[in-house]
There are 2 protein chains.
Amino acid sequence: MTSKYKNVYIDEVATVVGPYEFNGPLSKRFDKHYDDMYFGLDSLESAESKLMVDSFNLVLHKSKKEKSDIDVLIAGDLQNQIAASSYAAGELDTPFLGIYSACATNTEGLVIASNLIESNTCDNVLVSVSSHNMVAEKQFRNPTEYGGPKPNTATFTATGGASCLLTNKKSKVRIESSTIGKIIDMEQNDPMHMGRVMAPAAAYTINKHLSDLDRTIDDYDLILTGDLGIVGKEILRDYMKSEYGIDLKNKYNDCGVMLYDLDKQKEVQAGGSGPVCSALVVYADIIKKLERKELKRVLYVATGALFNPSRVFQKENILSIAHAISLESVE
Amino acid sequence: MTSKYKNVYIDEVATVVGPYEFNGPLSKRFDKHYDDMYFGLDSLESAESKLMVDSFNLVLHKSKKEKSDIDVLIAGDLQNQIAASSYAAGELDTPFLGIYSACATNTEGLVIASNLIESNTCDNVLVSVSSHNMVAEKQFRNPTEYGGPKPNTATFTATGGASCLLTNKKSKVRIESSTIGKIIDMEQNDPMHMGRVMAPAAAYTINKHLSDLDRTIDDYDLILTGDLGIVGKEILRDYMKSEYGIDLKNKYNDCGVMLYDLDKQKEVQAGGSGPVCSALVVYADIIKKLERKELKRVLYVATGALFNPSRVFQKENILSIAHAISLESVE
């Protein structure tokens, strides 16, 4: 489902990261960083909530707004029962809608928020996501301390919190349209190769977006997928061409590849993942380039592998989905 | 956050239940039932997805619509990563937004859907929820086979799937307004007494709804909470009076109490719970009474305990939230 918007602007964004992300190429462009993985708290799970709380407090500070100015917080994360978001939302004390779309959560939130702004239902909607490498490892695979080796197709869940405040007040960057994706099942079941699981979902949504709006990739300066990683990125290029006849040319990149220095940071294997991965790259890098008009229009396609360990142990496939938003520099 | 709607109608609803619910007082008002807990499938988890698939297929059949007529499916459930919904959504093959608000998921979905209809973004939005007693027991407490005894404050996760199709086409029942709740933390940590956890969230949302719209409970024929159960129901009555000075009089009931015969069905302890609990009661009973004008206006307040076992083992409290929609009989 594709919608166009006339009145949805990005007021402020903020990013908070852990040590691995701070050691990557976007380093000092993040608003805040921590040097360890606990941030002075007792549990990794509550540390993740702190990343989200930090990020929305930074947005409030930058936008000179109070908690009471926020009509609604829309948030999600990878913890079971999206617990990182719920505990963080308790600190913000505003109306709260919890969402889940794995690593596509950020664009799902931005789509719902855009509709609330465009329809004049809300003036200020905050969209927040988080992920934490050690929380995700523990919950979906094994605790990090277990030290299991991984294939080079595996991605590395990013540690961070990211928030975006959407308003109807004109700013330098707007959300000009969105496409809600659908469930894609390519009969994949390897949680160590999520790029392969998600690439067809990204391809479906990119093609759907372009065909619904009667556009080509030449209408965009950049097509940006969420977290396919270096292997999944090449799968998407091939699949786009073979399945939809679309050549992504030199217009395509992937946030999972951009977040880390894959040559130096060998621990991240094929690249970054997690709901915060694409949010960190888009908010710390892409939005700034749109503000400076170095980019005019970007299609941001966050990709989610809806991995539930129980269902995969029961021999079901890993499903995937991707939701897209089109970001535009405002004249 | 409270919003009013002029143009949001309930086209069709459908309910599918397991044996415990079919043995309850609403028995034959459900559209379909199963006599066991597996429905011919290999796992309880996939059985839960089948409940949701059945329910939306029934809605499509009743409304004489095709899958392709649905603009978007909004769905959620209690499985980690809302897996019941994701696997069900794969069968519907439409755009999909995943949401999570524990047992308040159904009203969260109806609120988001109402905004999409009211703003003319969508013509047909499907909202679906499910829960399955044995899946929830296994994931949140212990497998049923473990046979652990429970206190009489414990609630019983309902087994069922429920779907509602919202449209802009006039029908006999409409959604006239909604209130999005916020996180409430009353320093509770007993997953065997969720009524106590959630009652203050329901009270907050009911009071917020009434004060935002400058109404009293006399503007409603019925205030209906989601799944506080028989103990939580009395806590809400007391708390509403002491905290907000509101007497719920003879206008109040709870879906968890209405779904089962608490005198005869001793296994359900304090009553029903789970995202589908309130949806089953509202769709099988309340909507029909609104259609027949036996009820004119009902405030449906689904209540969610955002219980994450890891966080509670780590000594954090169980948070809660409640979202409300006001249902109105159309002249």
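Not measured: the values here are computed from a predicted model.

Novice: Break down the relation of the copies chain B and chain A for me, citing the residues and quoting the values.
Specialist: Between chain B and chain A, the superposition needs a rotation of 180 degrees and an axial shift of 0.0 Å, giving an RMSD of 0.0 Å. Both copies are brought into coincidence by an operation consistent with a two-fold rotation axis. By C-alpha distance to the rotation axis, the residue of chain B lying nearest is Ile99(B), at 2.0 Å. Both copies contact each other with a shared surface, as 100% of the interface residues of chain B are interface residues in chain A too.

Novice: Tell me what's going on with the pairing of strand E13 (residues 297–306) of chain A, and back it up with residues and numbers.
Specialist: Residue and element names in this part refer to chain A. The buried count for E13 comes to nine of ten residues, which makes it a mostly enclosed element. Pairing geometry for strand E10 (residues 222–225) and E13, over four bridges, is parallel. Bridging from a neighbouring strand, isoleucine 223 pairs with leucine 299 of E13. Inspection of the sheet shows E13 paired to strand E14 (residues 319–329) by ten bridges, in the antiparallel sense. Among the inter-strand pairings, alanine 302 is bridged to a residue of E14, identified as histidine 323.

Novice: Quick rundown of the nonpolar core? Include the residues and the values.
Specialist: Ranked by size, the top nonpolar core spans 232 residues in total, and within it Leu280(A) and Leu280(B) carry the most contacts. Excluding residues that lie within four positions of it along the chain, Leu280(A) makes contacts with Thr15(A), Val17(A), Glu21(A), Phe30(A), Ala158(A), Gly160(A), Ala162(A) and Leu259(A).

Novice: Explain the domain arrangement of chain A to me, and be specific about the residues and the numbers.
Specialist: Residues and elements named next belong to chain A. When cut into domains, chain A gives domain 1 (2–167) and domain 2 (173–329). Computed over C-alpha atoms, the centres of domain 1 and domain 2 are 18 Å apart. Of all the elements in the fold, those that place two or more residues in the side of domain 1 that touches domain 2 are strand E1 (2–4), strand E2 (9–17), helix H1 (19–22), helix H4 (105–118), strand E6 (124–131), helix H5 (133–140), strand E7 (156–157) and strand E8 (160–167). Of all the elements, H4 adds the most residues to the side of domain 1 that touches domain 2, at seven residues. Among the residues making up the side of domain 1 that touches domain 2, the classes are represented as 25 nonpolar, 19 polar and seven charged.

Novice: Which residues make up the packing of helix H6 (residues 194–212) of chain B against helix H7 (residues 229–244) of chain B, and what are the values?
Specialist: All names here are of chain B. Contact geometry for H6 and H7: axes closest at 8 Å, N-to-C directions at 45 degrees. Taken together, the axes of H6 and H7 are oblique relative to one another. H7 is crossed by H6, and the crossing has right-handed handedness. Here Gly195, Arg196, Met198, Ala199, Pro200, Ala202, Ala203, Ile206 and Asn207 of H6 lie close against H7, whose contacting residues are Gly229, Val231, Gly232, Ile235, Leu236, Tyr239, Met240, Glu243 and Tyr244. Of the residues contributing to the contact of H6 with H7, the split by class is twelve nonpolar, four polar and two charged.

Novice: Talk me through the environment of Gly304(A); I want residue IDs and the actual numbers.
Specialist: Residues and elements named next belong to chain A. Residue placement: glycine 304 occurs in strand E13. Considered as a pair, glycine 304 and leucine 222 are 82 residues apart in the sequence and their alpha carbons are 20 Å apart. Once you skip the residues sitting within four places of it in the chain, glycine 304 turns out to touch Ser101, Ala102, Cys103, Ala104, Thr105, Met198, Ser320, Ile321 and Ala322.

Novice: Give me the lowdown on unusual backbone geometry, citing residues and values where you can.
Specialist: Phi is positive for Phe39(A), which is not a glycine, with a value near 55 degrees. Positionally, Phe39(A) belongs in the loop between strand E3 (32–33) and helix H2 (44–62).

Novice: Can you lay out the pairing of E2(A) for me, pointing to particular residues and giving the numbers?
Specialist: Residue and element names in this part refer to chain A. E2 sits mainly inside the fold: eight of its nine residues count as buried. Of the strand pairs in this sheet, E2 and E8 are connected by eight bridges, and their pairing is antiparallel. Across the sheet, residue alanine 14 finds its bridge partner in E8, namely serine 163. As defined by bridge partners, E2 adjoins E3 across two bridges and the pair is classed as parallel. Note on E3: the bridge partner recorded for valine 17 is histidine 33.

Reading the values: rules and limits
Residues numbered from 1 in each chain as written. Chains lettered and ligands numbered in written order. Predicted model: local features only at pLDDT ≥ 70, side-chain atom pairs only at ≥ 80, totals over all residues. Least-squares fit on C-alpha atoms with pLDDT ≥ 70 in both. Contact = placed C-beta atoms within 7 Å. Buried ≥ 20, exposed ≤ 12 C-beta atoms within 10 Å, placed from the backbone. Helix = DSSP H or I, 4+ residues; strand = E, 2+ residues; numbered from the N terminus. Pairing = 2+ DSSP bridges. Core = buried A, V, L, I, M, F, W, Y, C linked by C-beta atoms within 7 Å. Domains from an automatic or database assignment. Nonpolar A, V, L, I, M, F, W, Y, C, P; charged D, E, K, R; others polar. Axes fitted to C-alpha atoms, helices over the stretch in contact; angles between N-to-C directions. Parallel < 35°, antiparallel > 145°, perpendicular 65-115°, else oblique. Left-handed = near helix turned anticlockwise from the far one by under 90°.

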